[in-house]
Every structure is written in structure tokens, then in C-alpha cells.
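Chain residues, written in single-letter form:
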Amino acid sequence: MTVGVIGAGISGLATTHELRERGVDVETFEATDRPGGVVQTRHVDGHVLECGPQRLRGSPLIESWIDEFDLRDQRFEGHDDQPLFVLRDGHLRVAPLSLRAAVTTDLISWRGKARILAEPLTGPARPDESVADFFARSFGPEAARTLFSPLYTGLYGASADDMLVRHSVGKALDRHGIDRSILLAVARKLLDGVDVPPIVSFEDGLGVLPEAIADRYADSIRFETPVEAVEPTDEGYDIVTPEGTRAVSDVVVTTAAPTAGDVLEPVDASLAETLSGMTYNPLAVVHLESNYGREGHGCQVLDGEGYETLGMTWNASMLDREDVFTAYLGGSRSPEILDRSDDDIAALAAREFESITGFSARPLSVRRWDPGMPAYDEGWNAYEGIDLPDGIHVCATFAERAGIPGRLRDAERTAEAIAE
Ligand SMILES: Cc1cc2nc3c(=O)[nH]c(=O)nc-3n(C[C@H](O)[C@H](O)[C@H](O)COP(=O)(O)OP(=O)(O)OC[C@H]3O[C@@H](n4cnc5c(N)ncnc54)[C@H](O)[C@@H]3O)c2cc1C
């Protein structure tokens with residue numbers, strides 16, 4: 001039994017590890033020349049720049065992977081006690097993520113704050129409403145527009161009007177066992193005493209984790225080998241690449257949905273069509289160097305403020321990465337930004353940084369992600385309840401949670417199912 005894994009991002013690498021741990025023979029195919037996919041660290045002018053995730057939370061799961069791959073001496077903790085800001089009416093205002101900030105912030109009016117407290121009286125999430133409608137119904141239109149929608153959808157560069165509850169917030173609420181009031185569930189957690197895992201990263205950036213996994217399984221991973229098609233055979237499947245064809249018993253797809261659709265077309269044309277209809281929000285990630293010294297994790301920029309920048313991570317403050325700031329542009333707000341040249345995008349990000357913070361910035365790097373983050377919109381309806389052909393498995397962000405912990409758990413589940 002050989003399992004073919006398509007993609008060596010964190011999903012494909014973690015699946016490779018979990019399968020090998022269970023004694024299963026694996027061959028992993030990666031289109032590019034490096035492991036990690038979206039988890040990518042660049043080193044520019046002495047700076048460590050994260051092109052994808054900026055940091056992790058040191059949950060027991062993440063810590064166990066750090067130990068498994070011997071990365072503890074590279075691990076360090078970021079600052080947890082710093083505010084996150086939202087740009088509203090031209091000013092950076094503190095997002096109320098603690099009780100104290102909730103009272104003192106000028107992000108939301110007193111009326112808006114009072115309306116948030118009425119949330120337990122509103123009904124539970126409805127699967128078919130948009131994330132924007134759900135937050136507005138639950139917390140009132142002002143808090144939804146200025147806080148809940150931007151903070152939630154900011155993770156995906158998505159529009160809260162398009163994102164459906166059933167494919168996003170609804171799943172998160174299910175996972176946390178919240179079937180009615182979010183506010184009461186949070187209050188209960190606060191009373192019980194929440195233990196939030198620390199912010200963690202590695203001295204040389206998050207890219208060291210995929211590199212360590214890829215090093216261990218170097219004999220299983222074929223780089224610069226894009227999978228062109230998966231074809232059914234009597235014994236399983238043929239994986240077709242420019243290098244030739246490999247017979248496998250099972251296939252694990254870890255790529256974005258449209259790519260999965262392309263390669264699975266010979267296996268199941270209808271599944272392929274569904275996958276091709278699932279859209280992603282492209283993103284441009286721009287790294288800037290600036291001596292802006294404000295403490296904070298970063299900011300979200302509200303739609304309508306007149307900026308193309310969706311938000312920023314202040315790596316300088318959160319992770320002590322000297323003078324480094326990461327700006328995100330594009331997403332569903334302006335996907336056409338990716339039509340511009342790298343120089344144009346970099347200059348725009350620097351200009352907007354200066355306008356928002358009052359400090360000048362020098363562009364260091366531009367990274368485009370296209371496809372970027374899953375849109376989790378109505379294009380996902382057709383995928384719900386779909387039966388995959390025997391021997392075809394999916395361990396990908398379009399089917400499960402996009403975050404790194406979710407990817408690691410998905411890989412474990414996938415390997416477990418195959419090994420059984
Ligand atoms: C800007 C940004 C910030 C993020 N921040 C966070 C964060 O703070 N915390 C967090 O937990 N998550 C974060 N995420 C999400 C998380 O990083 C991703 O969801 C996750 O890394 C996706 O991993 P993956 O392996 O599923 O997919 P990918 O990383 O996309 O990997 C897919 C791999 O498949 C390869 N491939 C594509 N086509 C083929 C083919 N035909 N044949 C072979 N190989 C192919 C690709 O080259 C790639 O290596 C962020 C994502 C982005 C974009």
C-alpha cells in the first residue's frame with residue numbers, strides 16, 4: 001500500500017508524518033521547490049519576514065510538534081499583553097478584547113456597547129445567514145460593522161456579506177459547544193479562568209517547522225513535481241506528473257479546491273465541477289520596515305476608510321522583530337490589486353502605512369497568494385455532504401479549518417482513517 005499525497009504545505013507534510021508514523025508507505029508530490037506552501041519565511045536585509053502565518057499559539061498540540069521536530073531551542077514567546085487596533089474614522093482605536101478595553105475603548109459608542117449586552121436575547125446562529133447578518137442580529141449593527149465582522153473575516157481577507165455562517169462561524173460555534181449566546185459562553189469561560197496559550201514563533205521564522213518535517217521525510221517527498229491528473233485503475237489510482245506515473249492505493253489531496261478539481265477530473269467529473277466552483281480571496285502580503293514604535297499586535301482597517309490595506313501585523317511590537325510590519329492588501333475588498341506590479345503594490349502599502357501611522361516605511365518584500373484564503377461562501381454549499389470516491393481523501397482548508405492547528409488535526413484524522 002502506497003499513499004500518494006498531493007502538496008507539501010503543512011497539510012501534506014503533516015499527513016506524510018502521520019502516515020509514516022503508522023507504518024504506511026507514502027509518496028508526496030509538491031509542485032514547487034520548497035516545503036511549507038503558505039507557511040513561508042523570507043530573510044531580507046537581516047529581517048525575518050513571514051509571508052503567511054505570523055505566529056502560532058503554543059497549545060499542547062503545537063508544543064508537541066515543536067518537541068517532535070526538535071525545535072524547542074528556536075522557540076520564543078511573543079507579547080500577549082498588547083492591544084489590537086481598528087482604524088475607524090481615520091483613527092486607530094483599541095479593539096475591546098478585554099473587559100477593561102470594552103469599557104474604555106472609543107471604537108464603539110455607548111449605545112453600541114449597550115446593544116452588545118442584548119446578545120443573549122437574540123436567537124442562535126442560522127446556517128444560511130451571512131456572517132454580517134448574524135453579527136448584526138446578535139450584537140447590533142455598529143459593533144458588527146466595526147468589531148465582530150472585521151476581526152472574524154479579517155483572518156480570511158473575506159467579505160462578511162458573502163461568507164455564510166454554515167461554512168464558517170457556525171462550525172466554530174459547534175466546535176466550542178455554543179448553541180445559544182456567545183456572550184454568556186465567553187463570560188462563563190472568563191469566570192472559570194481561561195488559559196490562553198502564549199504567542200510563539202521560531203528565531204528563524206515559522207518556516208523552520210515545515211522544513212524540519214520535510215527533512216525527516218526527504219525520501220518520501222518529490223519537489224518540483226506537480227500532479228497533473230489522478231486516474232482510476234483496477235488497483236487504485238495512477239498519479240500523473242511530468243516525471244511519469246506512480247501507482248498508489250489511496251490519494252490525499254491537500255491543495256486549494258480548484259486545483260483539486262483539475263487533478264480529480266478523470267476520477268469524478270461532478271466532484272471536479274463542485275471543487276472548481278469554490279472561490280478563494282487572493283492576497284498580497286507586503287513587508288515594510290519602519291521605526292513606528294507603537295505597542296500593539298496590529299490593526300484592522302475598516303471598509304470605507306479609503307484604504308486598500310485590509311490590516312497589518314506589527315511584528316516589531318508583537319514579536320520583537322525589529323522595525324518589521326506586515327500589511328495585507330487585496331482580499332475580497334479589492335482582488336484586482338493583484339493585477340498590479342510588485343513595485344506598485346509595495347509603494348501603495350508604504351504610502352498607506354504612512355497615512356495610517358504617520359511614520360514612513362520602506363518596502364522589503366511582496367508575496368502574492370493566489371489562490372489565497374477560502375471564501376467559505378455559497379460556493380461551499382455544493383460540497384456539503386459530498387461522498388468522496390473510495391481511496392480519495394481530502395485534508396485541505398476547503399473541507400476543514402484553515403488554521404495550522406486545524407491542519408495538524410485534520411492530517412491526524414486523515415492518516416488514522418487510511419491506516420485503519
Ligand atoms: C497571509 C496568511 C496568514 C495566515 N495566518 C495564519 C495564522 O496566523 N495562524 C494560522 O493558524 N493560520 C494562518 N493562515 C492559514 C494557514 O497558514 C493555511 O491555511 C495553511 O498553511 C494551509 O496549509 P495547506 O497545506 O493546507 O495548504 P498550502 O499551504 O496552500 O499547501 C498546498 C501545497 O500544494 C502545492 N500544490 C499546488 N498544486 C499542486 C499540484 N498540482 N501538485 C503538487 N503540489 C501542488 C502548493 O505548492 C503548496 O505547497 C494564514 C494564511 C495566509 C495566506
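Here the structure is a predicted model, which is why all the values come from computation and not from measurement. (Residues numbered from 1 in each chain as written. Predicted model: local features only at pLDDT ≥ 70, side-chain atom pairs only at ≥ 80, totals over all residues. Heavy atoms only, no water.)

Peer 1: Sorry, what's going on with the side chain of Asp250 here?
Peer 2: Within the secondary structure layout, Asp250 lies in strand S14 (residues 250-253). No salt bridge forms around the buried Asp250; measuring N to O, its nearest opposite-charge neighbour Arg246 is 12 Å away. A distance of 3.0 Å separates the side chain of Asp250 from the side chain of Ser249, its partner in a polar contact. In this structure the side chain of Asp250 is engaged in a polar contact, spanning 2.7 Å, whose partner is the side chain of His393. Setting aside chain neighbours within four positions, we find Asp250 in contact with Met1, Thr2, Val3, Gly4, Gly391, His393 and Ile418. (Helix = DSSP H or I, 4+ residues; strand = E, 2+ residues; numbered from the N terminus. Buried < 20%, exposed > 50% of the residue type's maximum accessible area, 1.4 Å probe, protein only. Lys, Arg positive; Asp, Glu negative; His and termini not counted. Salt bridge = Lys/Arg side-chain N within 4 Å of Asp/Glu carboxyl O. Polar contact = N/O pair within 3.5 Å; in protein donor to acceptor, adjacent residues only side chain to side chain. Contact = heavy atoms within 4.5 Å.)

Peer 1: How should the nonpolar core be read in this particular structure?
Peer 2: What tends to happen in soluble globular proteins is that the nonpolar side chains get buried as a cluster. By size, the foremost hydrophobic cluster in this structure holds 52 residues, and its most contacted members are Phe135, Val230, Val251, Leu264, Leu275 and Phe398. Looking at this core element by element, the count peaks at 5 residues for helix H5 (residues 131-139). Mapping this core onto the domain boundaries places at least three of its residues in each of domain 1 (2-39 + 207-278 + 377-419) and domain 2 (108-192). Val230 has contacts with Ile6, Tyr237, Asp238, Val251, Val263, Leu264, Pro266, Val267 and Ile392, leaving out every residue within four places of it along the chain. Residues Val3, Trp65, Ile221 and Ala415 belong to the second largest nonpolar core, which totals 34 residues. (Core = buried A, V, L, I, M, F, W, Y, C linked by side-chain atoms within 4.5 Å. Domains from an automatic or database assignment.)

Peer 1: For this particular structure, what's the right way to read the domain arrangement of the protein?
Peer 2: How big an interface is tends to be expressed through the accessible area that disappears when the partners come together. Looking at the assigned domains, one finds that the protein contains domain 1 (2-39 + 207-278 + 377-419) and domain 2 (108-192). Of the roughly 600 Å² buried between domain 1 and domain 2, counting both surfaces, carbon and sulfur atoms make up 51%. Three residues, Asp377, Glu384 and Arg401, lead the burial of domain 1 against domain 2; their summed loss comes to 59% of the area buried on that side. Linking domain 1 with domain 2 are 1 salt bridge, by the criterion used here. Residues Glu384 and Arg166 are paired through a salt bridge, measuring 3.0 Å at the closest nitrogen-oxygen approach. Our count for the contact surface shared by domain 1 and domain 2 stands at 2 residue pairs in polar contact (both at pLDDT 80 or more). (Buried area = accessible area lost by both parts, 1.4 Å probe.)

Peer 1: Sorry, what's going on with the environment of Asp106 here?
Peer 2: Mapped onto the elements of the fold, Asp106 is located in the loop between helix H3 (99-104) and helix H4 (110-116). According to the relative accessible area criterion, Asp106 is partly exposed, its value standing at 48%. C-alpha separation for the pair Asp106 and Ser159, spaced 53 residues apart in sequence, amounts to 24 Å. At 3.1 Å, the side chain of Asp106 and the side chain of Arg93 are in polar contact.

Peer 1: How do you make sense of unusual backbone geometry when you look at a structure like this?
Peer 2: The phi torsion of most residues other than glycine is negative, and most of the peptide bonds are trans. Omega for the bond connecting Asp370 with Pro371 falls within 30 degrees of zero, at 10°, which places this linkage in the cis form. For Asp70, which is not a glycine, the phi torsion comes out positive at approximately 60°. Mapped onto the fold, Asp70 is located in the loop between helix H2 (60-68) and strand S6 (75-77). Positioned with a positive phi, Asp89 is a non-glycine residue whose angle comes to about 50°. Note on placement: Asp89 falls in the loop between strand S7 (84-88) and strand S8 (91-94). Judged by relative accessible area, Asp89 falls into the exposed class, the value being 55%.

Peer 1: What is the right way to read the environment of Glu273 from this model?
Peer 2: Checked against the element boundaries, Glu273 lands in helix H11 (residues 269-276). Given the relative accessible area of 62%, Glu273 is considered exposed. Between the C-alpha atoms of Glu273 and Pro258, which are 15 residues apart in sequence, the distance is 8.7 Å.

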